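Single-letter residue listing:
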Amino acid sequence: MSAAMLLEVRDLKRHYELGASLLRRGKTLKAVDGVSFTLAAGKTLAVVGESGCGKSTLARMITMIEAPTAGSLRIDGIEVTTADAEAMRKLRPVVQMVFQNPFGSLNPRKKVGTILEEPVIINANLPAEARHAAAREMMAKVGLRPEHYSRYPHMFSGGQRQRIAIARALMLNPRIVVADEPVSALDVSIRAQVLNLLMDLQDEFHLAYLFISHDLSVVRHIADEVLVMYLGRPAEQGDKETIFTRPRHPYTRALLASTPAVDPKARGKRIVLRGELPSPIDPPTGCAFHKRCPYATAECAEIRPELRLVDGRRVACHYAESIA
């Protein structure tokens, strides 16, 4: 892994055993089932897909909230899956998270200053005066005024609360920020402001972003690379412009066609998917997408396609070359 490569994921999996008992064999829910990617400093990887595809489970593994079932997870050159308690303690400040709901992620009983200083109290040995100064400096960087230091979260708008959450995530000077749907709970008029703030902070601190979203218009605005997930596995993965201009997986094409556009002609041909997302407890045989795919054949129902390089991106589809 190069010096600038902060995050390296190889065949990462997270499985849950459900319903097991002395008299009954349980089932396995494969929330994430073989995801691989790398993330360099100053870059943004967007993970997209429907609810239930494994995006948030992947985020919890990257932030070390949950341990992987299998695979390799290297953060700043350290293998997380075999790290001891001391190594994990040093790694946790390197990766921080911005949650979807800014009001739910902030303690309503604590003032903004206390919320921002709490990570420093837990992870760093700074005197109170230095903590206060660091919190006020970070508030200024995210566009909050000095008088906000002594106010409670309920006294702010949704956009301001998310600015507080972003400031808290940056208090430990992380190198990787996992943003789990950071603007989906905000008004449309506020989303662009928060996205531009994230991009400005990335340039200033040279941060690596793992950006999780279902909104492809937001992804196109902020991402460098895109990972499309379906039922816990990668469907398509590559450079943003390659994915958006020449999608090769039918699922990616369907997601892009469903994105709202002022000019309907700009969306291209609309692809209507049949049925609902299958259960990860009992996934279909072969390609997990074949029951909803308009291009599926008998081969798709029998043989699971693996990721392979096609036209400058990696795609898991038997007929990627013929899908233009």
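Now for a quick tour of the structure. Treat the numbers as computed from the prediction; the structure is a model and nothing was measured. (Residues numbered from 1 in each chain as written. Predicted model: local features only at pLDDT ≥ 70, side-chain atom pairs only at ≥ 80, totals over all residues. Heavy atoms only, no water.)

This brings us to the sheet that holds strand β1 (residues 5–18). Spatially, β2-β1-β4-β5 is the arrangement adopted by the four strands of the open sheet, whose pairing is antiparallel. Across the chains shown, the open sheet's two edge strands, defined by having one partner strand only, are β2 (27–40) and β5 (78–79). Sheet topology places β1 next to β2; eleven bridges connect them, and they run antiparallel. Residue V9 lies in a different strand from β2, and its bridge partner there is F37. Here helix α1 (residues 55–62) sits on the sheet in contact with β1, β2 and β4 (70–75), set at roughly 120° to β1. (Pairing = 2+ DSSP bridges. Helix = DSSP H or I, 4+ residues; strand = E, 2+ residues; numbered from the N terminus. Contact = heavy atoms within 4.5 Å. Axes fitted to C-alpha atoms, helices over the stretch in contact; angles between N-to-C directions.)

Counting through the fold element by element, R248 comes out in the loop between α8 (240–245) and α9 (250–257). On the accessibility criterion, R248 (14% relative accessible area) is buried. Of the polar contacts made by the side chain of R248, one reaches the backbone oxygen of A320; its length is 3.1 Å. (Buried < 20%, exposed > 50% of the residue type's maximum accessible area, 1.4 Å probe, protein only. Polar contact = N/O pair within 3.5 Å; in protein donor to acceptor, adjacent residues only side chain to side chain.)

Note on terminology: a disulfide is the covalent bond linking the sulfur atoms of two cysteines. Considering all chains together, one arrives at zero disulfides under this definition. Free of any disulfide, C53 has its nearest neighbouring cysteine sulfur in C287, separated by 14 Å. Given the relative accessible area of 0%, C53 is considered buried. C300 supplies the cysteine sulfur nearest to C293, a cysteine that is in no disulfide, at a spacing of 6.2 Å. (Disulfide = S-S within 2.5 Å.)

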